[in-house]
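Chain by chain, the residues run as shown.
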Amino acid sequence: MKKSTLRLALAFGFGIVILAYLFWSMGLGNIAGVLSRIRPEYFLAAALVYLASEFIAALTLKVAIGGKIKFRNILPSHMCGMLYSAVTPGRFGYYYTAFSLAKKTNESRSKNIGLLTIMQGVTFFVKVISCVIAVLYFSRLFISPESKSYFLMAAFVPVLFVVAILLILCTKLPNKIIALIPVLKNMLGYVSMMQDSRKDMTARKIFSIVFLNLIGWFVVGAQWYLLALSLSLDLSYWDAFMLQPLLSAVMFIPLTPSGLGITEGGSALLFTLILSSVPSVQAKAAGVAYILLVRINSIMVDSFGLIDMRIHAKK
């Protein structure tokens, strides 16, 4: 078995163990009871709204990449990348998008990876701001030091990604570190080409990416709100809107695929604050069921990205 496959299997196993513990501690019947209340009309409406957000994300990619590549070629690459990201630790699988686009544009993978990394850096910057706003929004609900530490951790995760991306793209420090590690020396050329691609990112492009990210935040917030309605949860639009950056930030913790188990645990904690009038176990069960439904809804839509794999298979 390849090391990468083994690492992914271990990450999945760790995530499943955490999820199993959550099911055991909250009662499988409680979580299943929440999921049994799904209202299909809201679930399907949420899927359509999420599809709209994927169009916005693909448009953001179009802005970042530029050139003559058509939007209809970018969208399936992006959606398939999102599908991969849902099953990889740290959501690193999204970089499939760069490899897919490289084939479609006949440009180097590293150039596309560089542009994608810069775009992700801008996205994470927006996520940092949104996480801080979300922490301030939910701070009125803090009832224990443990809750406060979770919020601060969620806000800090995207900060680490922004710092790492800035170091890679704007300094030669990573090059010096990689040069000292024999196993990583083959990556040095890719890192250098990624740094060169930064020159293609103008201030106008960065402003457009930030603007589209903000629109996308509102649209995904609507998806999360509709899924709350689907489960008949007592969440306002603004609750769902602010939950999204905090919990999606936790999904980038590279311990389990897309934060599997960890995100559900964070959601359980948040729901004990938001649904304070509901018994703690039921609120936690609602939090776990809710984030599972978010995953299912998003993966269902992103599965259309498998078309991209078929396109490459034919070639």
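Quick note: structure is the one above.
Bear in mind the structure is a predicted one, so any value in this text is a computation, not a measurement. For every chain, the first residue of the written sequence is number 1, and numbering continues from 1 onward in sequence order. Only residues with pLDDT of at least 70 get local features here, since the model is predicted, and only at 80 or more are side-chain atom pairs given and counted; chain-wide, interface and lining totals rely on the full set of residues. Side-chain descriptors were evaluated using all non-hydrogen atoms of the structure, hydrogens and water having been removed beforehand.

## Re the nonpolar core
We apply this condition: Think of a nonpolar core as a cluster: buried Ala, Val, Leu, Ile, Met, Phe, Trp, Tyr and Cys residues, connected wherever their side-chain atoms sit within 4.5 Å. Any residue under 20% of the maximum accessible area for its type is buried, any over 50% is exposed, and the rest in between are partly exposed; the area is computed with a 1.4 Å probe on protein chains only. Helix and strand labels come from DSSP, where a helix needs a run of H or I of at least four residues and a strand needs a run of E of at least two; each type is numbered from the N terminus. Any pair of residues with heavy atoms lying within 4.5 Å of one another is described as a contacting pair.
The biggest cluster of nonpolar side chains holds 44 residues, and the ones touching the most others in it are W224, L233, L235, L243, F271 and Y290. Elements with a minimum of two residues in this core: α1 (3-26), α2 (28-35), α3 (40-65), α6 (109-138), α10 (203-230), α11 (237-250), α12 (262-274) and α13 (280-302). The dominant element in this core, judged by the number of residues it contributes, is α13, at 10 residues. Beyond its immediate chain neighbours, meaning those up to four positions away, F271 contacts L233, L235, L243, A283, A286, G287 and Y290. By size, the runner-up hydrophobic cluster in this structure holds 20 residues, among which are Y50, A64, Y94 and V301.

## As for unusual backbone geometry
Although it is not a glycine, R91 adopts a positive phi angle of roughly 60 degrees. For R91, the location among the structural elements is in the loop between α4 (71-85) and α5 (96-105). Of note, the phi angle at S232 is positive, near 60 degrees, even though the residue is not glycine. Inspection of the secondary structure assignment puts S232 in the loop between α10 and α11. Assessed through its relative accessible area of 46%, S232 is described here as partly exposed.

## Considerations on the environment of L59
Its place among the elements puts L59 in helix α3. Classification of L59 as partly exposed rests on a relative accessible area of 37%. When the C-alpha positions of L59 and I74 are compared, they lie 8.2 Å apart, and in sequence the two are 15 residues distant. If near-sequence neighbours (up to four positions away) are discounted, L59 is found in contact with F71 and L212.

## Concerning the pattern of salt bridges
Put simply, the rule is: Salt bridges are defined as contacts in which a side-chain nitrogen from Lys or Arg sits within 4 Å of a carboxyl oxygen from Asp or Glu.
By the definition in use, this model includes 2 salt bridges. In this structure, E41 engages R39 in a salt bridge whose closest nitrogen and oxygen atoms are separated by 3.5 Å. Between R295 and E264 there is a salt bridge; the shortest N-O distance is 2.6 Å. With R295 in helix α13 and E264 in helix α12, this pair connects stretches of sequence that are 31 residues apart. Of the two residues, R295 and E264, both sit in the buried class.

## Here we look at the side chain of N213
The cut-off we apply is this: Polar contact is defined as a pair of N or O atoms within 3.5 Å, subject to the rule that within protein one atom must be able to donate a hydrogen and the other to accept it, and that residues adjacent in sequence are counted only when both atoms are side-chain atoms.
Inspection of the secondary structure puts N213 in helix α10. A distance of 2.8 Å separates a polar side-chain atom of N213 from the backbone oxygen of I209. When near neighbours in sequence (up to four residues on either side) are disregarded, N213 contacts T60, T123 and V126.

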